[in-house]
Number of protein chains: 4
Amino acid sequence: MKIGMIGLGKMGGNMRERLRRAGHEVVGFDLDESLRDVASLEELVAALEPPRLVWVMVPHGKPTRSTVEQLGELLSEGDLVVEGGNSKFTEDVELDALLAPKGIGYVDCGVSGGIWGLDNGYGLMCGGRPEHVEIAMPIFDALRPEGPREEGFVHAGDVGAGHYAKMVHNGIEYGLMHAYAEGYELLSAKDIVKDVKGCFQAWSRGTVVRSWLLDLLVKALDERPGLEDISEYTTDSGEGRWTVEEAINMAVPMPVISAALFARFASRQENSPAMQAVAALRGQFGGHAVKL
Amino acid sequence: MKIGMIGLGKMGGNMRERLRRAGHEVVGFDLDESLRDVASLEELVAALEPPRLVWVMVPHGKPTRSTVEQLGELLSEGDLVVEGGNSKFTEDVELDALLAPKGIGYVDCGVSGGIWGLDNGYGLMCGGRPEHVEIAMPIFDALRPEGPREEGFVHAGDVGAGHYAKMVHNGIEYGLMHAYAEGYELLSAKDIVKDVKGCFQAWSRGTVVRSWLLDLLVKALDERPGLEDISEYTTDSGEGRWTVEEAINMAVPMPVISAALFARFASRQENSPAMQAVAALRGQFGGHAVKL
Amino acid sequence: MKIGMIGLGKMGGNMRERLRRAGHEVVGFDLDESLRDVASLEELVAALEPPRLVWVMVPHGKPTRSTVEQLGELLSEGDLVVEGGNSKFTEDVELDALLAPKGIGYVDCGVSGGIWGLDNGYGLMCGGRPEHVEIAMPIFDALRPEGPREEGFVHAGDVGAGHYAKMVHNGIEYGLMHAYAEGYELLSAKDIVKDVKGCFQAWSRGTVVRSWLLDLLVKALDERPGLEDISEYTTDSGEGRWTVEEAINMAVPMPVISAALFARFASRQENSPAMQAVAALRGQFGGHAVKL
Amino acid sequence: MKIGMIGLGKMGGNMRERLRRAGHEVVGFDLDESLRDVASLEELVAALEPPRLVWVMVPHGKPTRSTVEQLGELLSEGDLVVEGGNSKFTEDVELDALLAPKGIGYVDCGVSGGIWGLDNGYGLMCGGRPEHVEIAMPIFDALRPEGPREEGFVHAGDVGAGHYAKMVHNGIEYGLMHAYAEGYELLSAKDIVKDVKGCFQAWSRGTVVRSWLLDLLVKALDERPGLEDISEYTTDSGEGRWTVEEAINMAVPMPVISAALFARFASRQENSPAMQAVAALRGQFGGHAVKL
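Parameters and conventions
Residues numbered from 1 in each chain as written. Chains lettered and ligands numbered in written order. Predicted model: local features only at pLDDT ≥ 70, side-chain atom pairs only at ≥ 80, totals over all residues. Heavy atoms only, no water. Least-squares fit on C-alpha atoms with pLDDT ≥ 70 in both. Contact = heavy atoms within 4.5 Å. Pairing = 2+ DSSP bridges. Helix = DSSP H or I, 4+ residues; strand = E, 2+ residues; numbered from the N terminus. Axes fitted to C-alpha atoms, helices over the stretch in contact; angles between N-to-C directions. Expected span 1.5 Å × (residues − 1). Buried < 20%, exposed > 50% of the residue type's maximum accessible area, 1.4 Å probe, protein only. Core = buried A, V, L, I, M, F, W, Y, C linked by side-chain atoms within 4.5 Å. Salt bridge = Lys/Arg side-chain N within 4 Å of Asp/Glu carboxyl O. Polar contact = N/O pair within 3.5 Å; in protein donor to acceptor, adjacent residues only side chain to side chain. Nonpolar A, V, L, I, M, F, W, Y, C, P; charged D, E, K, R; others polar. Phe/Tyr/Trp six-rings, centres within 6.5 Å; stacked < 30°, edge-to-face > 60°. Lys NZ or Arg CZ within 6 Å of the ring centre and 35° of its normal. Buried area = accessible area lost by both parts, 1.4 Å probe.

Chemist: Help me get a handle on the relation of the copies chain A and chain D, residues and values and all.
Modeler: Taken as rigid bodies, chain A and chain D are interconverted by a rotation of 180 degrees and an axial shift of 0.0 Å, the fit giving an RMSD of 0.0 Å. On the angle and the small slide along the axis, the relation comes out as a two-fold axis. Measuring from the rotation axis to each C-alpha of chain A, the shortest distance belongs to A:S211, at 2.0 Å. Interface overlap between copies: 100% of the residues of chain A at the interface are likewise at the interface in chain D, consistent with a symmetric, same-surface contact.

Structure below.
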C-alpha cells in the first residue's frame, strides 16, 4: 500500500521504516530536508494516487491543525487523514468537522511504543467511522506488534476515541510508574534490605507485579544501582494532565493518577510555596523554629 | 488548689504561670535548676498534701514513662497523676495499668494552645474515670480559655481518649494548614492576582474559611509578603503520623490528612528517590532526556 | 447610592435587603414577578441615572452571558457592570472584552457568606480596573461585614482576579471541610472515645483548629449527634473542580483539595466502577472470593 | 531433598505438589486430616533426617508463632525453619530470636504467585543468614519459575527482609491495580468510547502499560464486559496496610499506594461518615439541601 507520512522525527521516522520493512511504500515529508522524501505537502499529495492515505505525525496543537488545514485544501473527496500524533480528543472532533464537508475522512490514532516500537511494533488505538478505519487497516497491521490484531490494535469508538484511549493509557502509565517508584523508595530506605535491585528483578516472573515497566526499572537499576546522578526532575507531556482534567469533567474519582501527576509537578520545584506556607503557619502558632 | 507540675519548659512553664495567675499554688520541678521550685520529685511529693495532684508535662516516650514510674513509687493511694504531655493513647493505657494497682488515679490530657495558651487559655481534652477527672476540674478550669467549659474542655472518654482526641485534633490541623497552603500557592502562581495577602485577609470575616489559622497566615504574610526566606522544610511531631496509622488501623479512609503528612516528608528531601525512579523509567522507555 | 440588581434569588434577594438596610436605593429585576421591582432590564436601566451601576447576580454560564450582552445594548459609556455571580474567571475576561469597546466598565466580584451574609455581611473579592472598583466601593462597603475594609474585601487584581480568588476560597473550603470530616470519622470509629461532639466543641476556643466551620460542625452534631439520617451524597458547585483544573494548568501540586473533590464524586456512586475492577482483578489472580 | 511442610491449604498444598513434581520428597502436616501425610508435628519431625528443613505455611500471627514455638521444642541444632507465610517482618525478627539460641536457623520467605504458582512457579523473596539461605536453595529453585534464578528469587537481606520485600511487592500491587481501575472507570464513563475491553486488550503488546495484571483485567472483562454483578466491596490482607505504616515510619511519601488502600476501605462502607460530615456542614452554611 502507498501512504504519505508527514513528520519524520523520532516517532514518524521509525514508523516510516517499520512500514517500509513490511513492504509498504511511504512518501515522507518533514521540515527537516535531510529526513524527507519530498519537498512539500503538494509534492507528497501529488505522489499518491486517489483514494489517498496521509498519516500526520507532527507536534500537537498548532502544527497539527495547520497541517490538517493544508491537507483539507490539497486532498480530495474519498481521501483519508490519520492523525497519529498526540492531539487531544477534543481537537480530533474539530479537525474531523473541518474535513468532513469536503468528503475527506478522518481517523485519530493514538500510538504507543516509544523508541522500542520500530522493532517491537506500536500499540495502536484509533477512533473514527468504521469505513475509514477499514481503509487504513493494512497500515495498522504493519505498525502494530506481531500476534493477534486485537492485542495491539483497537477501534475504540467514534472520532476522538483513539486519542482518548491513548490519553487514558498514559494516565495509567503515570500511576503504574509511581507505584513502582514508591516501592523503590521504601525498599531503599530500609536497612535490613540489602539488595533492592534484586528484589525488583525477582518479581520478573511468577509475581503479580511483573510487567514491562518492571523490566525497565530492573534495567535502570542495573545501569545505576542507586539511581546515582539521576535528577528527580520529571516533566509531563500533557496526557497525564488531560486524564485528570477529564476525570474532573466526568466526576470520576482519580486519586492515584492525580497523585502521580502532582508528584511530577513537585519534582520541578526548588522550594514548595505550599510548604513554605505550612512552615510559616507553624512558626506563627507553635514557636516552631522556621528554618531559614 | 495545690498541684505539682513536672516539666517547666515552653508549655509547662507557661501553664504554671497561668495556674498561679488563677490563684492556684504550683510546686514545679524541672531538670533545669533555673526553672524549678524544688530540687527533686521526692521534694515535690513531700510539698503536697494527700490526696495529691501531680501534672506531668515532660517529653513523651521514655521521659514520661520514667517520671510516671517514679511517681508510682512516691505517691499513695488516692493520689492522681495527670499526663498532660504528648503521650500516644496506647501509652496511657500502659501507664494507667502501672498506677492502678496502687490505687493511684490516672488522667490523660491533651493540651492545645502553643505559645498563645498563657494568655488565651489552653484547649483541653482528657480521658479517664469520671471521679478522677472531677478531682482535677479546678485545674482544668483555670487552664482552659474563658467562656463555657464545654468550649475549651472535654472529658472525651476512657483512659487514652484525651490524647486520642488531641492526636486527631493535630491530624485535622495538618489537613487545614495544607488546604490553606495549596490555595496560597495557586493564588501566588496566577498572574492576574496582584494581592495574595489581601485575598487571605479579605476572608477574615464573613466567609466560610475564616479561622484562627487564616488569621495567622495573614500575619505571616504581613511579615513576609512572599514568605521570603522561609524554607519549605517542615518537621512533624508525631501526632500526624499516629493519626494516619490509626486511620489504617481502623480502616478509615484518610486521603486529606495523609496527603498533608506526606507533603511534609517530601519537604525534607533534597532529591526524591521515587521521582528519580520515575525519571529513570521515562529515560528507559521514551528516550526522554534524564536531567543529570 | 442607587444601584440596579439583576437576580433576586437566595443570594441576590438578601443582598438587596442588606443594601437597603444600609440606606442604598436598589432597583431589582428577576424573572420571578413576585420578587422584582421592575418588569424588564429596560425598565431597570431607565430607573437609574448615568453613570449607572448594575449588579448581576444570576446563574453562571448562559444566563450571566445573556444578561451582560443585553446590558451591553442598554447601558452607555461610563456605566459599570458588577458580575457578582459564580462566573469562571475566564468568562470574566470575555465579558469585559464585550463591554470595553462600548466604554462600559466591568468588575467581577466573588461573594462569600451564604445564608448568613444578610446579617453578618459578605466576604467580597473583586477584580478589575482601579477606577471601576472605586465607583462601586460604597456598595462593597455596605455588603461586606463590619470592621476594617480589608478584613472583608479585597481588590485582588485584574479582571477575573475576583472570581479567581473566590474559586480558590471555595477550593480551600473543600479541603478544610474534609479535614474536619476525616477527624470526625476517626473519632467516631474509636471505642474509647465516648463524646465525639464534645471533642469538637472543646476545640472552639484556645486550639489551633478553631474556625467558623468547626462551630458549624458542632451545631450540626448538636442537632444530630451521630449525623443520623444524613446521606453521604454530596454535590459540588463547580469552583472546586475549577480550582483543581487550574492547579493542573499552573502545575501546582494540589493533593489535599483534589482528594476532597474526588471524595465528593465517590459519595455519589452506588458502586465504584474502579473498585469493581480491583475486585475483579483480585478474583482473577488470587482466587479471592468476589462478592456478588 | 526431603522437606517438611506445615500448612497444606490453597498455597501450601500447591507448593507441596510443585515440589513433588520436581522430585523432592515432602512430608506434609495440616490440621485437616484429609490433606496431611502425618498426624502431628512430632511425626513430621521424626520423618525427617537431620539437618532437617521445615517450611511453615500457616496463617500469620498466632498460628505461625505457635507453630514455630513448637518447632523450637522439636527441632535440633543445625535444623532450619523457613517461614513462608505472610508474617510481618517484625515478627520474623522475634521468631528468629526464639530459635537462634537453640542453634536452629530461620529464613523468612515471601511467596507470590497465588493460584497460578503451581504451574508457573512462585516469586520468592527471602531474608536470613547466607548459610541458611544456601541450605534451602534446592527448594527455592524448585518453587520459583523456570529461567534465571535471579528473575524469580532474591536473597533480599537480613532476617525479615524477605517478608519486607513481599510486603512492598503487595503495596505496589495495590497501586498498580488501582491505576488500571481508574483508567477503566474513565474509559467506561466516556460516551465516544465504544469498546473498553478492546482498549485494554490492545495494550497487551507494544505499549508501556503491558503487564500480567493487564492481561488479567482483559480476562475479567472477557468474562463480564461491564463487570456486571461484581461488587465494589474489596478486602485487604494486611500487607497494604503494613506498607503504608512503614512509609510513615520511614518518612517516605506514599500518596499512590495509600490512595489505593483508602479506596479499599471506602469500598466497604455503606455510608461514609466523613462525607456525612461534609454534607452536614454544607447544610449548615449554605442552605444546601441535605439528602435524607
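Chemist: Could you give an account of the relation of the copies chain C and chain D, with specific residues and numbers?
Modeler: These two copies of the chain differ by a rotation about an axis and a displacement along the same axis. For the pair chain C and chain D, the relating rotation is 180 degrees, the translation along its axis is 0.0 Å, and the fit reaches an RMSD of 0.0 Å. When the interface residues of chain C are mapped onto chain D, 98% of them are again interface residues, pointing to one common binding face.

Chemist: Quick rundown of the sheet that holds strand 7 (residues 153-157) of chain C? Include the residues and the values.
Modeler: All names here are of chain C. Taken in spatial order, the seven strands line up as 2-1-3-4-5-6-7 in an open sheet, and their pairing is mixed. Both outer strands of the open sheet, strand 2 (25-29) and strand 7, are each paired with one neighbouring strand and no more. Looking at each pair of strands side by side, their axes are set apart by 25 degrees on average, direction ignored. With four bridges joining them, strand 3 (residues 53-56) and strand 4 (residues 80-83) adopt parallel strand pairing. In the sheet register, W55 faces strand 4, and the bridge partner there is V82. Across the sheet, helix 3 (residues 62-74) touches strand 1 (2-6), strand 3 and strand 4, and the angle it forms with strand 3 is around 165 degrees.

Chemist: I'd like a rundown of helix 1 (residues 10-21) of chain B, residues and numbers included.
Modeler: Residues and elements named next belong to chain B. The terminal C-alpha atoms of helix 1, which comprises 12 residues, lie 17 Å apart, in line with the 16 Å expected from a rise of 1.5 Å per residue. Those residues of helix 1 that fall on the buried side of the exposure criterion are G12, G13, M15, R16, R18 and L19. For helix 1, the secondary structure elements touched by its buried residues are strand 1 (2-6), strand 2 (25-29), strand 3 (53-56), strand 5 (105-112), helix 5 (117-120) and helix 7 (137-143).

Chemist: Which residues make up the nonpolar core, and what are the values?
Modeler: Counting residues in each nonpolar core, the largest one holds 240 residues, and the members touching the most others are A:F200, B:F200, C:F200 and D:F200. Aside from chain neighbours lying at most four places away, what touches C:F200 is B:I172, C:Y180, C:G183, C:Y184, C:L187, C:L214, C:L217, C:V218 and C:L221.

Chemist: Describe the interface of chain A and chain D, naming the residues involved and giving the relevant values.
Modeler: Taken together, the contact pairs 76 residues of chain A with 76 residues of chain D. Applying the counting criterion to the chain A and chain D interface returns six salt bridges. When the shortest N-O distance is used, the salt bridge between D:K190 and A:E246 registers 3.0 Å. Summed over the shared surface of chain A and chain D, the number is 22 residue pairs in polar contact (both at pLDDT 80 or more). When residues of the side of chain A that touches chain D are traced back to their parent elements, those giving at least two are strand 6 (123-127), strand 7 (153-157), helix 8 (161-189), helix 9 (196-202), helix 10 (212-223), helix 11 (239-249) and helix 12 (255-267) of chain A. The greatest single-element share of the side of chain A that touches chain D, amounting to 19 residues, is contributed by helix 8 of chain A. Of the residues contributing to the side of chain A that touches chain D, the split by class is 41 nonpolar, 22 polar and 13 charged.

Chemist: Just give me the short version of the packing of aromatic side chains, but keep the residues and values in it.
Modeler: Each aromatic ring pair is specified by the distance between its two centres and by the angle formed by the two planes. By the definition in use, this model includes 28 aromatic pairs over all chains. When the centroid spacing of 6.4 Å and the interplanar angle of 50 degrees are considered together, the rings of B:Y184 and B:F200 count as tilted. Taken together, the positions of B:Y184 in helix 8 (residues 161-189) and B:F200 in helix 9 (residues 196-202) put the pair 16 residues apart, joining distant regions of the chain. Both residues of the pair, B:Y184 and B:F200, count as buried. Chaining the aromatic ring pairs together yields one cluster made of A:W55, A:F140 and A:F153. Taking NZ or CZ as reference, A:R264 lies 3.7 Å from the ring centre of A:Y174, over its face.

Chemist: Before we move on, can you summarise unusual backbone geometry with the specific residues and values?
Modeler: Trans peptide bonds make up most of the peptide bonds, and negative phi angles are found at most residues other than glycine. Residue and element names in this part refer to chain A. Residues P50 and P51 are joined by a peptide bond in cis, for which omega reads -5 degrees. Position of P51 relative to the elements: it lies in the loop between helix 2 (41-46) and strand 3 (53-56). In the Ramachandran plot, A251 falls in the positive-phi region, its phi being about 55 degrees despite a non-glycine side chain. Secondary-structure assignment places A251 in the loop between helix 11 and helix 12.

Chemist: Can you explain the interface of chain C and chain D? Please cite residues and give values.
Modeler: In this assembly, 52 residues from chain C lie in contact with 51 residues from chain D. Taken together, the two surfaces of chain C and chain D that pack against each other cover about 4800 Å², and 62% of this comes from carbon and sulfur. Counting the contacts that link chain C with chain D gives zero salt bridges. Seen at the junction of chain C and chain D, the total is 20 residue pairs in polar contact (both at pLDDT 80 or more). Taken together, the elements giving at least two residues each to the side of chain C that touches chain D come down to helix 8 (161-189), helix 10 (212-223), helix 12 (255-267) and helix 13 (273-286) of chain C. No other element matches helix 13 of chain C, which puts 13 residues into the side of chain C that touches chain D. Of the residues belonging to the side of chain C that touches chain D, the class tally is 25 nonpolar, 13 polar and 14 charged.

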